[in-house]
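Descriptive analysis of the structure
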Amino acid sequence: MPDDKVKRRLTTVLCADVHGYSRLMEADEAGTLETLRRYRTAIAGLVERHDGRIVNTWGDAVIAEFASVVEAVQCAVEIQQEISNQDSDPPPPMRFRIGINLGDVMVDGSDLYGDGVNIAARLQELAEPGGIVISSSTYDQVHNKLSVGFDCLGQRPMKNIAPVTSYRVTMSGQTAQARSFPPGERLTSRGAIAGSQTDAVHRDRYESSTWMGFVSDGLAKLPRPVAAALTVSAFLILINIFTGMHKIWFHWPVAALLFGAILRTALRHRPESDSKGER
């Protein structure tokens, strides 16, 4: 009997798609098709150079497969650079969005199916025109092997697919400040989306931690008895201020604390020969 078992394999899928293709076709069908053919030829050459293969090309999309995750991401970077270098046409320019995913796929002849492919297609939709977005499984394999940067986008909702943590590839000439984010949102170090209120909280915390760190560093450089005396003295001064400055009393206990701390420090650091009596 024939073997009907579905064949599967772990592979890296690259999905590239033209941003605003319908609008471009409406403006200039012949010119858009000619440009698309030229870019597809360039993409095919780069995919082959990085030991990949073109799986499918429907409409304005390109699906490619790579055995190496690193080669797939490097190929995507070179694709965007090549298209940017070739783009000498009058506006509107043609820009590709690229998504890359490392995942398990179903194999049917030369075609690939399954979530491994679908996730790459959904990641492509998250990318900016001329940008690249990769899945966390891809990021884990390449983040320390390529000379590009990565911005965590967190878990973004995807149509008919469970949310996947994704990363934006930042190529040369791009900075976090220059890239656009949804209104009222920003990227945190863990990729979570935070609003403008969170920005203000983080800014306040940063300013607070700056002066507190300065004070802490200063106290750390002092002898321990002196640092402790200064800390207690500060609390006594604050208590005096908040209970009313009509009667100032903090100077006496503060003076006693500081005198005792300085005396203790001096005795502790006196020469050893002075502290021992001769027999």
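Residues numbered from 1 in each chain as written. Predicted model: local features only at pLDDT ≥ 70, side-chain atom pairs only at ≥ 80, totals over all residues. Heavy atoms only, no water.

Here we look at the packing of helix α2 (residues 29-49) against helix α3 (residues 69-86)
The line we're drawing: All axes are obtained by fitting lines to C-alpha atoms, using only the stretch in contact for helices, and the reported angles, taken between N-to-C directions, cover 0 to 180 degrees. Secondary structure elements follow DSSP: runs of H or I no shorter than four residues count as helices, runs of E no shorter than two count as strands, and numbering proceeds from the N terminus. Here the angle decides the label: under 35 degrees means roughly parallel, over 145 means roughly antiparallel, 65 to 115 means roughly perpendicular, and every other value means oblique. Left-handed describes a crossing in which the near helix is turned anticlockwise from the far one by less than a right angle; the clockwise case is right-handed. Throughout, a residue-residue contact means that at least one pair of heavy atoms, one from each residue, lies within 4.5 Å. All amino acids are sorted into three groups, where Ala, Val, Leu, Ile, Met, Phe, Trp, Tyr, Cys and Pro are nonpolar, Asp, Glu, Lys and Arg are charged, and the leftover types, Gly among them, are polar.
At a closest axis distance of 10 Å, the pairing of α2 and α3 adopts a crossing angle of 150°. Regarding the angle of α2 to α3, the classification is roughly antiparallel. Both α2 and α3 take part in a crossing whose hand is right-handed. Touching Arg-38, Tyr-39, Ala-42, Ile-43, Leu-46, Val-47 and Arg-49 of α2 are Cys-75, Glu-78, Ile-79, Glu-82, Ile-83 and Gln-86, all from α3. Residues that form the contact of α2 with α3 fall into these classes: eight nonpolar, one polar and four charged.

Focus on the pairing of strand β2 (residues 52-56)
Remember that side chains alternate between the two faces of the sheet whenever the strand is regular. Here is the rule we go by: At least two bridges found by DSSP between two strands is the condition for calling them paired.
Of the strand pairs in this sheet, β2 and strand β3 (residues 62-66) are connected by four bridges, and their pairing is antiparallel. By the bridge assignment for β3, Asn-56 is matched with Ile-63. Hairpin geometry of β2 and β3 is characterised by an intervening segment of five residues between the two adjacent antiparallel strands and by a positive phi of about 60° at Gly-59.

Section: the environment of Ile-83
Along the chain, Ile-83 falls in helix α3. The sequence separation of Ile-83 and Gly-130 amounts to 47 residues, and the corresponding C-alpha distance is 8.5 Å. Non-local contacts of Ile-83, meaning those with residues more than four positions away in its chain, are made with Tyr-39, Ile-43, Met-94 and Phe-96.

Let's talk about helix α4 (residues 115-126)
To keep things clear, this is the line we draw: Multiplying one less than the number of residues by 1.5 Å gives the expected span of a helix. Relative accessibility decides the category of a residue: with a 1.4 Å probe and only protein chains considered, values under 20% of the type maximum give buried, values over 50% give exposed, and everything between is partly exposed.
The first and last C-alpha atoms of α4 sit 16 Å apart over 12 residues, in line with the 16 Å expected at 1.5 Å per residue. Every buried residue belonging to α4 is among Gly-116, Val-117, Ile-119, Ala-120, Ala-121, Arg-122, Leu-123 and Gln-124, and all of these are buried. On its buried side, α4 packs onto β1 (7-18), β4 (96-108), β5 (111-113), β6 (132-135), β7 (149-158) and β8 (161-170).

A short note on the pattern of salt bridges
Stated formally: Counted as salt bridges are all cases of a side-chain nitrogen of Lys or Arg within 4 Å of a carboxyl oxygen of Asp or Glu.
Applying the stated criterion across every chain, the model contains six salt bridges. Between Arg-168 and Glu-128 there is a salt bridge, and its shortest N-O distance comes to 3.3 Å. In this pair, Arg-168 is assigned in strand β8 and Glu-128 in the loop between α4 and β6, connecting sequence segments 40 residues apart. Residue Arg-168 is classed as buried on the basis of its relative accessible area, which comes to 9%. A residue is classified by how much of its surface remains accessible, and Glu-128, at 21% relative accessible area, is partly exposed.

Details of the confidence of the model for the protein chain
Going by this rule: Confidence of the predictor in every single residue is expressed as pLDDT, which spans 0 to 100.
Looking at the protein chain, the pLDDT average stands at 78 and 74% of residues meet or exceed 70. Taking the mean pLDDT of every element in the protein chain, the minimum, 36, falls on strand β10 (residues 193-194) and the maximum, 96, on β6. Note on residues 173-210: pLDDT under 50 across the span, and 34 contacts to partners over four residues away in sequence or across chains.

Looking at the pairing of β1
In the sheet, β1 pairs with β4 via 12 bridges, with the strands oriented antiparallel. Paired with Thr-11 across the bridge in β4 is Gly-103. As paired elements, β1 and β3 share five bridges and run antiparallel to each other. Of the residues in β3, the one forming a bridge with Cys-15 is Ile-63.

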